[in-house]
Amino acid sequence: MDLEILEIASNTENHKVVKNHTHQLKNKNPLCGDEMEISLLVKDNIVQDMGYQCRSCVYCQASVSLLSRWVMQVPIEKISDFVLNAELLFDKNFDQLKKINIKDLKDFKKIMNPENISRKECLLLPFKTISKALKL
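So, a few notes on the structure that sits alongside this text. Since the structure is predicted, the reported quantities are computational estimates derived from the model, not experimental observations. (Residues numbered from 1 in each chain as written. Predicted model: local features only at pLDDT ≥ 70, side-chain atom pairs only at ≥ 80, totals over all residues. Heavy atoms only, no water.)

**Topic: the sheet that holds strand β1 (residues 23–28)**
Okay, so step 1: Strand order in this open sheet of three strands is β1-β2-β3, and the pairing throughout is antiparallel. Every interior strand has two partners, whereas the edge strands, β1 and β3 (46–55), have only one. Sheet twist, expressed as the mean angle between neighbouring strand axes with direction ignored, is 15°.
Okay, so step 2: Both strand β2 (residues 35–43) and β3 contribute to a ladder of nine bridges, which runs antiparallel. (Pairing = 2+ DSSP bridges. Helix = DSSP H or I, 4+ residues; strand = E, 2+ residues; numbered from the N terminus. Axes fitted to C-alpha atoms, helices over the stretch in contact; angles between N-to-C directions.)

Structure, rendered in structure tokens:
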């Protein structure tokens, strides 16, 4: 396992439940049993705060940690574009995501890449959870 994944997962600043959340969802990966709950505070179609709690592998924890930091102050429309195309990160040719102009794309590529294709569902669980929570 890459130490970078452990380092990213160890950033737990958003490991919390957002009080007065406007969106919340629990989700489970049926393949491995990872469980996650995401709570969001959205005002004027912009995410003001995000919290997560999970019982999951380090890959899922790293993914949700990155995602929770990235979504802050981001319009839901941009989140939707990124979340709905997140699987492209595992593709060697991810030009569609470059067009979305994700400033932290290189951080996501550190963990979501063809080398970690066997952990794809673990890494995508936070994306699927936020998508369902926001009804994207």
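From this point on, the discussion continues.
**With respect to the packing of helix α2 (residues 58–70) against helix α6 (residues 120–133)**
Okay, so step 1: Where α2 contacts α6, the two axes come as close as 6 Å, and the packing angle between them is 40°. When the axes of α2 and α6 are compared, the pair comes out oblique. The two elements α2 and α6 meet at a crossing, and its hand is right-handed. Residues Tyr-59, Cys-60, Ser-63, Val-64 and Leu-67 of α2 form the contact with α6, whose participating residues are Cys-122, Leu-123, Leu-125, Pro-126, Phe-127 and Ile-130.
Okay, so step 2: Among the residues forming the contact of α2 with α6, the class breakdown is ten nonpolar, one polar and no charged. (Parallel < 35°, antiparallel > 145°, perpendicular 65-115°, else oblique. Left-handed = near helix turned anticlockwise from the far one by under 90°. Contact = heavy atoms within 4.5 Å. Nonpolar A, V, L, I, M, F, W, Y, C, P; charged D, E, K, R; others polar.)

**Notes on the packing of aromatic side chains**
Okay, so step 1: Under the counting rule described, the total for this entry stands at four aromatic pairs.
Okay, so step 2: Measuring from centroid to centroid gives 5.6 Å for Phe-82 and Phe-127, while their planes differ by 80°, and the two rings are edge-to-face. Taken as a pair, Phe-82 in helix α3 (residues 76–84) and Phe-127 in helix α6 lie far apart in primary sequence, 45 residues in all.
Okay, so step 3: Among the residues examined, Phe-82 registers a relative accessible area of 0% and is labelled buried.
Okay, so step 4: When the ring of Phe-108 is compared with that of Phe-127, the centres are 5.9 Å apart and the planes differ by 65°; the resulting orientation is edge-to-face. A residue pair is termed long-range when its members are at least 10 positions apart, and Phe-108 in helix α5 (residues 105–111) and Phe-127 in helix α6 qualify at 19 residues.
Okay, so step 5: Given the relative accessible area of 2%, Phe-127 is considered buried.
Okay, so step 6: Pairwise contacts between aromatic rings join Trp-70, Phe-82, Phe-108 and Phe-127 into one cluster. (Phe/Tyr/Trp six-rings, centres within 6.5 Å; stacked < 30°, edge-to-face > 60°. Buried < 20%, exposed > 50% of the residue type's maximum accessible area, 1.4 Å probe, protein only.)

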